[in-house]
Amino acid sequence: MANYSTNEFRSGLKVMLDGDPCSILDNEFVKPGKGQAFSRVKLRNLKTARVLEKTFKSGESLEAADVMDMDMQYLYNDGDFWCFMEPDTFEQHQATENAVGDALMWLNEQDICVVTLYNGSPLSVTPPIHVELEIVETDPGLRGDTAQGGNKPAKLSTGAVVKVPLFLDQGEIVRVDTRTGEYQGRVTSK
Amino acid sequence: MTDWQPGISLSRLRQRSRVLAELRSFFQQRHFLEVDVPVLATTSVTDRNIESIAASVAGVSAYLQTSPEYFMKRLLAAGSGDIFCLGKAFRNGEAGSRHNPEFTLLEWYRCGWDEHQLMDEVSDLICGLLPDTGVVKISYGDLFFAHLQVDPHQAALSSLQKLAVEASSSAWSNESRANCLDLLFSVVIEPLLADGLVLVYDYPACQAALANCYQDPQGRQVSRRFEAFLNRVELANGYSELTDAQEQASRFSADQQARKIAGKPTMDIDRRLLGALQSGLPHCSGVALGVDRLLMQIENATSIDQVMPFSWDHC
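Because the structure is a prediction, the values reported are computed rather than measured. (Residues numbered from 1 in each chain as written. Chains lettered and ligands numbered in written order. Predicted model: local features only at pLDDT ≥ 70, side-chain atom pairs only at ≥ 80, totals over all residues. Heavy atoms only, no water.)

A.B. asks: Would you take a moment to explain the interface of chain A and chain B for this structure?
C.D. replies: Frequently, the measure chosen for interface size is the accessible area removed from exposure when the parts meet. Listed by partner, the interface residues are 16 residues for chain A and 25 residues for chain B. Buried area between chain A and chain B, summed over both chains or domains, comes out near 1,800 Å², and the portion from carbon and sulfur atoms is 49%. Taken together, the links from chain A to chain B amount to three salt bridges. Residues Glu 94 of chain B and Lys 31 of chain A are paired through a salt bridge, measuring 3.5 Å at the closest nitrogen-oxygen approach. Inspection of the chain A/chain B interface yields 11 residue pairs in polar contact (both at pLDDT 80 or more). At four residues, the largest contribution of residues to the side of chain A that touches chain B is made by strand β5 (residues 51–57) of chain A. (Contact = heavy atoms within 4.5 Å. Buried area = accessible area lost by both parts, 1.4 Å probe. Salt bridge = Lys/Arg side-chain N within 4 Å of Asp/Glu carboxyl O. Polar contact = N/O pair within 3.5 Å; in protein donor to acceptor, adjacent residues only side chain to side chain. Helix = DSSP H or I, 4+ residues; strand = E, 2+ residues; numbered from the N terminus.)

Given below as structure tokens:
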């Protein structure tokens, strides 16, 4: 792979650091008037999601990481792996539980997710920002209470539990923001 | 197309003009001579960490000056008396939120003064522009000891390298004393400096640059170099100036050697400056202050391009 020098470090660049693929978040040029120039770099370790701060000497370089984000359709879970497909080539990729991570509770079959590939294998999965899921379990809806006030927990088809307004019932489809886990609205009613 | 527009707002452009006028009037009131020395010359600095921008004049190689220092010292040696220069300086490869390859530098020299008198004058200048600025004076050694419990002048290189590795990464385990100190200062100490103006003096001898050295009261070899930080931003660098031509020549040679080892292009030594020192530079102190950074503080700007008419990105 290519090497990137500190003056090429940009937000979003994927590099190898201590054997792990990282994404650069921020690169600040620091130089005392008479002194050595540095780059203070913030990076996210793509395996652990931890954010690190490192100071490099100007001109130091890091190896590029073979990391690529790809839109893929989520197909199914076979018990061990979560299976995703490239929509153009129909090539399938098996993601481990570790790679799926927190995306697990939003994975709805057929939805298009962003799968981050590292050396060709899924490293992490980002669910769509908005998903539409069925309520499979909640207290019975309170008729007439459509205006305001109060909410209740509802379990969705993927296992996620979100707070929904009191008037909603089992079997209804709701729209949820996967970044915050917040209910956005009702999609259909019975 | 909107990329013709300046990076600075009109209100900041007016403020910039006011500040430039106030700086001039500060020195005129104190009976300085304003000098406008060349920014283009056939030689430049040998500094290990400062890169000159090369130019070509009728086939002769030349450089944009990284500061007016050498020309000003030649004027001082010619008997100019107290002088100031408010002009442009250029440093290659320096670009960021606090750096632009072309910037405005205010530099002045006081004949017969030591660096502590000059620090007081820096303080007068800043407090005139920014009333109610708190001022702290502290030595480099005390500052290091307060934050890192280490004596930067006498600690073994290995212990400074260990601290540098802790502050950043394993890549620092083989760095020079000066580089480790710069890293620790920039990464650990600078963010912890007090609000207002902090004047740091008695820099390590290995970072003396063009300053005199002496033995401090604790018997350590330190340099008569100081720096001024305004709200944790490096603003000015000053010296009790080295007047010994021989010592200056040997520092220049050491710089060239260090640049060779680091694989950087070397710069010819400025013989005319050495000639001026041989003929006799009066005992004096001088300081250079970044005017754009001063404006950033006055204007609460987060980036240098917000206070420059056209930063490099617009040029």
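A.B. asks: Even after reading the chapter, I still don't get the pairing of β5 of chain A, so can you show me in this structure?
C.D. replies: Looking down a regular strand, the side chains alternate between one sheet face and the other. All names here are of chain A. Bridge count for strand β4 (residues 38–45) against β5 is seven bridges, and the pairing is antiparallel. Paired with Lys 42 across the two strands is Glu 53, which belongs to β5. Between β4 and the antiparallel strand that follows it, β5, lie five residues; Ala 49 among them carries a positive phi value of about 70 degrees. (Pairing = 2+ DSSP bridges.)

A.B. asks: Even after reading the chapter, I still don't get the nonpolar core, so can you show me in this structure?
C.D. replies: Most often, soluble globular proteins keep nonpolar side chains buried together rather than apart. Residue and element names in this part refer to chain B. The biggest cluster of nonpolar side chains holds 39 residues, and the ones touching the most others in it are Leu 23, Leu 106, Trp 108, Leu 289 and Leu 294. It is helix α3 (residues 115–129) that provides the largest number of residues to this core, a total of six residues. When near neighbours in sequence (up to four residues on either side) are disregarded, Leu 23 contacts Leu 86, Leu 106, Leu 125, Leu 129, Val 291 and Leu 294. The next biggest cluster of nonpolar side chains, apart from the first, holds 24 residues, and it includes Leu 148, Val 150, Leu 160 and Ile 189. (Core = buried A, V, L, I, M, F, W, Y, C linked by side-chain atoms within 4.5 Å. Buried < 20%, exposed > 50% of the residue type's maximum accessible area, 1.4 Å probe, protein only.)

A.B. asks: Any chance you could explain the sheet that holds strand β3 (residues 53–57) of chain B here in plain terms?
C.D. replies: Sheet strands line up and pair through hydrogen bonds in the backbone, either parallel or antiparallel. Residues and elements named next belong to chain B. Across the sheet, three strands lie side by side as β2-β4-β3; this open sheet has antiparallel pairing. At either margin of the open sheet sits one strand with a lone partner, and together these are β2 (40–41) and β3. Pairing of β2 with strand β4 (residues 60–64), which is carried by two bridges, proceeds in the antiparallel orientation. Counted as the bridge partner of Leu 40 is Leu 64 from β4.

A.B. asks: When you look at the confidence of the model for chain A in this model, what are you seeing that I'm missing?
C.D. replies: Parts of the model with low pLDDT should not have their predicted coordinates read in detail. Scored by pLDDT, chain A has a mean of 90; 95% of the residues are at 70 or more. Mean pLDDT across the elements of chain A bottoms out in strand β16 (residues 182–188) of chain A (89) and peaks in strand β8 (residues 82–85) of chain A (96). (pLDDT = per-residue confidence, 0-100.)

A.B. asks: What is the right way to read the side chain of Glu 115 of chain B from this model?
C.D. replies: Residue and element names in this part refer to chain B. The topology assignment puts Glu 115 in helix α3. Within the local environment of Glu 115, its side chain forms a polar contact with the side chain of Arg 224, the two groups lying 3.3 Å apart. Sequence-distant contacts of Glu 115, that is, excluding residues within four places in its chain, are made with Asp 202, Arg 224, Phe 226, Tyr 239, Ser 240 and Ser 285.

A.B. asks: For this particular structure, what's the right way to read the domain arrangement of chain B?
C.D. replies: Residues and elements named next belong to chain B. The assigned domain composition of chain B is domain 1 (10–134 + 248–314) and domain 2 (135–191). Look at where the C-alpha atoms of domain 1 and domain 2 centre, and you get two points 26 Å apart. Contacts between the two partners involve eight residues from domain 1 and, on the opposite side, four residues from domain 2. Interface area for domain 1 against domain 2, summed over the two sides, is near 430 Å², with a carbon-plus-sulfur share of 45%. Between the two partners, domain 1 and domain 2, sit two salt bridges. Asp 120 is paired through a salt bridge with Lys 137; the nearest N and O atoms lie 3.9 Å apart. (Domains from an automatic or database assignment.)

A.B. asks: Is there a simple way to think about the pattern of salt bridges in this case?
C.D. replies: Side chains carrying opposite charge are able to pair once their charged atoms draw close together. All names here are of chain B. Under the criterion given, the structure shown has 31 salt bridges over all chains. Between Arg 24 and Glu 34 there is a salt bridge, with its nearest N and O atoms 3.0 Å apart. Here the residue Arg 24 occupies a position in helix α1 (residues 10–29), and Glu 34 occupies one in strand β1 (residues 33–34), the gap between them amounting to 10 residues. Judged by its relative accessible area of 28%, Arg 24 is partly exposed.

A.B. asks: It is not clear to me how the environment of Cys 111 of chain B should be interpreted in this structure. Could you clarify?
C.D. replies: Residue and element names in this part refer to chain B. One can find Cys 111 in strand β6 (residues 102–111). The exposure class of Cys 111 is partly exposed, given its relative accessible area of 26%. A C-alpha to C-alpha distance of 39 Å links Cys 111 and Ser 9, two positions 102 residues apart in sequence. The contact partners of Cys 111, leaving out residues within four places of it in the chain, are Leu 76, Gly 81, Asp 82, Pro 282, His 283 and Cys 284.

A.B. asks: What is the right way to read helix α4 (residues 140–148) of chain B from this model?
C.D. replies: Because each turn of an α-helix spans 3.6 residues, side chains separated by three or four positions in sequence point in the same direction. Residue and element names in this part refer to chain B. Within the span of α4, buried status applies to Tyr 140, Gly 141, Leu 143, Phe 144 and Leu 148. Seen along its axis, α4 keeps its buried residues to an arc of 160 degrees; they face one direction. As for α4, its buried residues are in contact with β7 (135–139), α5 (157–167), α6 (177–189), β8 (197–201) and β9 (203–204). Just beyond α4, the residue with positive phi is Gln 149, at close to 50 degrees. (Arc of directions from axis to C-beta.)

A.B. asks: How should I be thinking about a nonpolar patch on the surface in this particular structure?
C.D. replies: The grouping of Val 39, Leu 40, Val 57 and Val 60 of chain B at the surface amounts to a nonpolar patch, some 290 Å² of accessible area in total. Looking at the secondary structure, you find Val 39 of chain B in the loop between β1 and β2. (Patch = residues over 30% accessible without salt bridge, like charges linked within 9 Å, V, L, I, M, F, W, Y side chains within 5 Å. Areas by Shrake-Rupley, 256 points an atom, 1.4 Å probe, with all protein chains shown as cover.)

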